[in-house]
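# Structural description and commentary
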Amino acid sequence: MSAVTLFTVPTAGPDDLGALETMRANGFRSEDVVAVIGKTEGNGCVNDFSRTLSAAVWEPRLPGAAVTVFSGGTEGVLSPHVNVLVRDDRAHEGFDRGLVAAAGRTRVLVPAEIGGLAQVDAVADTVGKLLAELGAGPGEAHLVLVKCPLLTSETIAALRAAGHVPAAGDPYESMGKSRGASALGIAVALGECDRHTAEQALAGLAQVSSARASASAGAELDDCHVLVVAESTTASNPLRAIHGQMTDALDLASVRALLDEVAARGGTVRQIFAKAEADPTGAIRGLRHTMLTDSDINATRHARAAVGGLLAALKGDGAVYVSGGAEHQGPPGGGSLTVIYELPTRSRTA
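What you are looking at is a predicted structure, and each value in this text was computed from that prediction instead of being measured.

### Remarks on the UniProt feature "binding site: substrate" (unreviewed entry) in the chain
Under the present numbering, the feature "binding site: substrate" (unreviewed entry) in UniProt falls on Arg51, Ser71, Gly72, Arg179, Ser216, Ala217, Arg304, Ser323 and Gly324. Secondary-structure assignment places arginine 179 in helix H5 (residues 171-189). If we ignore the near neighbours within four places in the chain, the residues touching arginine 179 are Cys148, Ala215, Ser216, Ala217, Lys275, Thr300, Gly324, Gly325, Glu327 and Gln329. The residue serine 323 is located in strand S13 (residues 321-324) in this model. Non-local contacts of serine 323, meaning those with residues more than four positions away in its chain, are made with Lys39, Ser71, Ser214, Ala215, Ser216, Ala274, Lys275, Ala276 and Arg304.

Have a look at this one:
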């Protein structure tokens with residue numbers, strides 16, 4: 001079990017390690033890091049090397065069990081930053097539970113498995129092991145983050161040459177397939193759907209999703225990095241989490257409902273994690289949108305900017321974690337949503 005605290009630190013660039021100094025100033029070491037979850041200022045697409053740079057500078061400085069999840073794209077008012085979950089085993093007086101987190105990796109996925117049932121199984125198995133490590137049930141998990149691999153032009157060509165049918169015909173499409181398979185693995189592990197339904201979802205059943213999944217794909221890895229964030233009575237700290245989902249990119253009401261609940265509990269918002277996507281029907285609330293037909297800017301970039309603006313206005317700053325491409329992560333056109341908040345010392349059981 002790893003009770004954790006959270007540092008959200010702005011970055012001057014993908015290679016900025018200033019968060020390590022912030023940690024040290026607060027009495028923590030790099031060896032205490034459970035996970036680094038960052039937003040980098042690349043395009044968030046296949047050739048976003050800002051993710052690779054961030055991973056390259058962070059990973060050698062972290063313990064072997066820690067994972068990194070870097071999501072590219074800080075369009076609009078989104079601000080580049082890192083969220084560092086740090087092991088904090090101190091008992092905070094006055095609290096009878098707290099936030100816990102565990103990180104792990106799936107086995108290496110061969111290209112033929114990316115976007116398919118084997119990836120669903122690998123993610124589900126890893127999430128299940130991490131829940132067991134935390135001593136938490138599926139209902140106690142509020143967020144599961146995954147960084148997953150994609151198919152490159154070379155691996156797609158090699159699969160076809162070997163007589164295989166790749167999950168996607170191009171690398172950008174493969175990002176969505178990989179995110180979707182990861183999200184379905186999370187849904188299976190958390191009891192939000194069964195394996196058979198997940199298999200049907202891979203074949204096109206869109207209305208299958210996890211309200212607690214956040215998956216991001218990249219070319220910088222060949223396995224899946226997995227982080228589970230939950231509440232547990234085995235911890236004693238002031239951090240809590242609450243989750244929900246946006247039904248579309250304009251769903252202010254659902255976000256406000258979560259924030260109002262945080263306020264009713266006496267909490268202060270520390271961070272918001274959200275998924276966003278262009279509504280696949282081509283319309284939002286009956287009006288046509290052009291995110292899917294813009295040949296200049298990828299739809300995921302439009303969606304991040306739109307949802308990022310909404311959430312940043314509510315949080316009060318642009319250092320919010322919004323990841324584009326929400327395949328099976330909340331309803332189609334919407335996205336999963338998790339708020340991490342902090343209680344004042346006087347609160348004991350909220």
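### Some words on H5
Here H5 spans 27 Å end to end across 19 residues, near enough to the 27 Å set by a 1.5 Å rise per residue. Counting buried positions over the 19 residues of H5 gives 15, a clear majority of the element. Near the N-terminus of H5, the side chain that reaches the backbone nitrogen of tyrosine 172, with its oxygen 3.0 Å away, is that of aspartate 170. One or two steps after H5, the chain reaches glycine 191, where phi turns positive at roughly 75 degrees.

### What to know about the packing of helix H3 (residues 117-134) against H5
Taken N-terminus to C-terminus, the directions of H3 and H5 make an angle of 45 degrees; their axes are 7 Å apart at the nearest point. It follows from the interaxial angle that H3 and H5 lie oblique. In the crossing of H3 with H5, the sense of the turn from one axis to the other is right-handed. Along its contact with H3, which presents Gln119, Val120, Val123, Ala124, Val127, Gly128 and Leu131, the element H5 presents Ser178, Ala181, Ser182, Leu184, Gly185, Ile186, Val188 and Ala189. Residues of the contact of H3 with H5, tallied by class, amount to 10 nonpolar, 5 polar and no charged.

What counts and what doesn't
- Residues numbered from 1 in each chain as written.
- Predicted model: local features only at pLDDT ≥ 70, side-chain atom pairs only at ≥ 80, totals over all residues.
- Heavy atoms only, no water.
- UniProt positions renumbered as here; feature names shortened; annotations may be inferred.
- Helix = DSSP H or I, 4+ residues; strand = E, 2+ residues; numbered from the N terminus.
- Contact = heavy atoms within 4.5 Å.
- Expected span 1.5 Å × (residues − 1).
- Buried < 20%, exposed > 50% of the residue type's maximum accessible area, 1.4 Å probe, protein only.
- Polar contact = N/O pair within 3.5 Å; in protein donor to acceptor, adjacent residues only side chain to side chain.
- Axes fitted to C-alpha atoms, helices over the stretch in contact; angles between N-to-C directions.
- Parallel < 35°, antiparallel > 145°, perpendicular 65-115°, else oblique.
- Left-handed = near helix turned anticlockwise from the far one by under 90°.
- Nonpolar A, V, L, I, M, F, W, Y, C, P; charged D, E, K, R; others polar.

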